[in-house]
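Working through the structure, step by step
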Amino acid sequence: MDTLLAIRARGITKCFGEVVALDGVDLDVAQGQIHGLVGPNGAGKTTLLGLLLGLAVADSGGLDILGTPVGRTFAAPDGVAGFVDGPGLYPSLTARQNLAALAALRGQDPRAAGIDDVLAQVGLTDVADDKARGFSLGMRQRLGLAAALLTRPRLLVLDEPSNGLDPAGKKHVHGVLNRLAAQGTSVVLSSHRMDDLEALCSEVTILATGRVVFSGPLSKLAAENRELDYRLVTSDPRATRRLAADAPGIRTVDGVGVARQGAETLVVRALVPDLDELVTRLVREGVALRELAPVVSPLEAAFLALTEQPEPALGQRDTGTARHTADTGTDRREADR
Ligand SMILES: Nc1ncnc2c1ncn2[C@@H]1O[C@H](COP(=O)(O)OP(=O)(O)O)[C@@H](O)[C@H]1O
Ligand SMILES: [Mg+2]
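Residues numbered from 1 in each chain as written. Chains lettered and ligands numbered in written order. Predicted model: local features only at pLDDT ≥ 70, side-chain atom pairs only at ≥ 80, totals over all residues. Heavy atoms only, no water.

- If you look the protein chain up in an unreviewed UniProt entry, it shows as ABC transporter from Streptomyces monashensis.

Some words on the packing of helix α4 (residues 137–150) against helix α5 (residues 167–182)
- It is the contact of α4 with α5, at a shortest axis distance of 11 Å, that shows an interaxial angle of 20 degrees. As the angle between them shows, α4 and α5 are arranged roughly parallel. Crossing of α4 against α5: the hand is left-handed. Along its contact with α4, which presents R142, L145 and L149, the element α5 presents G169, H172, V173, V176, L177 and L180.
- Residues of the contact of α4 with α5, tallied by class, amount to six nonpolar, two polar and one charged. (Axes fitted to C-alpha atoms, helices over the stretch in contact; angles between N-to-C directions. Helix = DSSP H or I, 4+ residues; strand = E, 2+ residues; numbered from the N terminus. Parallel < 35°, antiparallel > 145°, perpendicular 65-115°, else oblique. Left-handed = near helix turned anticlockwise from the far one by under 90°. Contact = heavy atoms within 4.5 Å. Nonpolar A, V, L, I, M, F, W, Y, C, P; charged D, E, K, R; others polar.)

Section: the pairing of strand β8 (residues 186–191)
- In terms of burial, β8 is largely enclosed, as six of its six residues are buried.
- Of the two faces of β8, the one holding S186, V188 and S190 and the one holding V187, L189 and S191 are both buried throughout.
- In the sheet, strand β3 (residues 34–38) pairs with β8 via five bridges, with the strands oriented parallel. Each residue of the ladder has a partner; that of H35, found in β8, is V188.
- The β-α-β motif built from strand β7 (residues 155–158), the intervening α5 and the parallel element β8 has right-handed crossover chirality. (Buried < 20%, exposed > 50% of the residue type's maximum accessible area, 1.4 Å probe, protein only. Pairing = 2+ DSSP bridges. Right-handed = clockwise from strand over helix to strand, strands pointing away.)

Here we look at the packing of helix α2 (residues 95–105) against α4
- Running from amino to carboxyl end, α2 crosses α4 at an angle of 30 degrees, the nearest separation of the two axes being 10 Å. Considering how the two elements wind past one another, α2 and α4 form a crossing that is right-handed. Across the interface between the two elements, A95, N98, L99 and L102 of α2 pack against L143, A146, A147 and L150 of α4.
- Looking at side-chain class alone, the contact of α2 with α4 contains seven nonpolar, one polar and no charged residues.

Observations concerning the nonpolar core
- Formed by 47 residues in total, the largest nonpolar core has its most connected members in L99, L145, L156, L177, L189, V204 and L221.
- For this core, the element with the most residues is α4, which contributes eight residues.
- The contacts of L189, once residues within four sequence positions are left out, are I34, H35, G36, L37, L158, P161, L177, L197, L200 and C201.
- Membership of the second largest hydrophobic core comes to 27 residues, among which are A6, L51, L53 and V188. (Core = buried A, V, L, I, M, F, W, Y, C linked by side-chain atoms within 4.5 Å.)

Pasting the structure below:
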């Protein structure tokens, strides 16, 4: 079974001084799968991706990458490409020269490395001879992806690749990743936003303060039985309030209802069966339903609920190992790439 796993991580723990960045993390990524790693700032995404790239080693736990156990030394495992905290580029070289330099460093003949092809794949053909210095964040991300593609990786690791991408850039990147996955390359990519990953990933792992709070198919996450907030616009707001107050399992959420174009919007929190019952009652009373939609998508709601930080009760401060979720900036690499 395990031979079909590109990544098999068990009980991975990584601390930075007092900070527990990863706390017993398990991760399975199948061959040819695009796996999303999602969590708020400070959840441990970059730290985990850094371990996959061999930029750091775990304090404890087991990590197999492409069927090989990862040792205690810093080294990118064979067949793995990608970057964390933005790609390393030479600002004074053009996009094409950057890729040629990287190919030469690896002992490849730059002319035979397929540079034009990867530039086209990421949509940078038109700026191939412009210096990287002038590139936007989205262009740098795409050039970094092109550099990774040159190595023909079997596992691609990308940290927040959607950052700074415009819709056209996103389309190129999604196209590249889908093609790679169809050819059997595994992809792990992170994001702090669930909606980034919906279009691309079949499975996600959600991290919150270093722990896995969900791992599995997106369909399972959305299907979890959870109360959601729904925006409700009807022909008779007053009757709607009365019926919502009487209906079982319905709570009116105050302070979020807004008047839009004269129509009063009510926000109710409910499970789907209770919402069905409310709608039935409204219609029975002759109240017409004009709008009914979740305030945030079910996936986003599940993500927010799972990663919410509970406020510690007074006198009940966490006495365990310190954790904090501050983003400490950019220079957090343990080893040079
Ligand atoms: N090199 C480092 N030194 C000290 N703390 C670090 C270092 N790298 C990460 N951390 C801390 O580890 C936690 C996880 O960080 P990170 O993996 O960057 O999270 P994410 O990528 O999900 O935003 C944070 O609390 C962060 O401050
Ligand atoms: Mg990060």
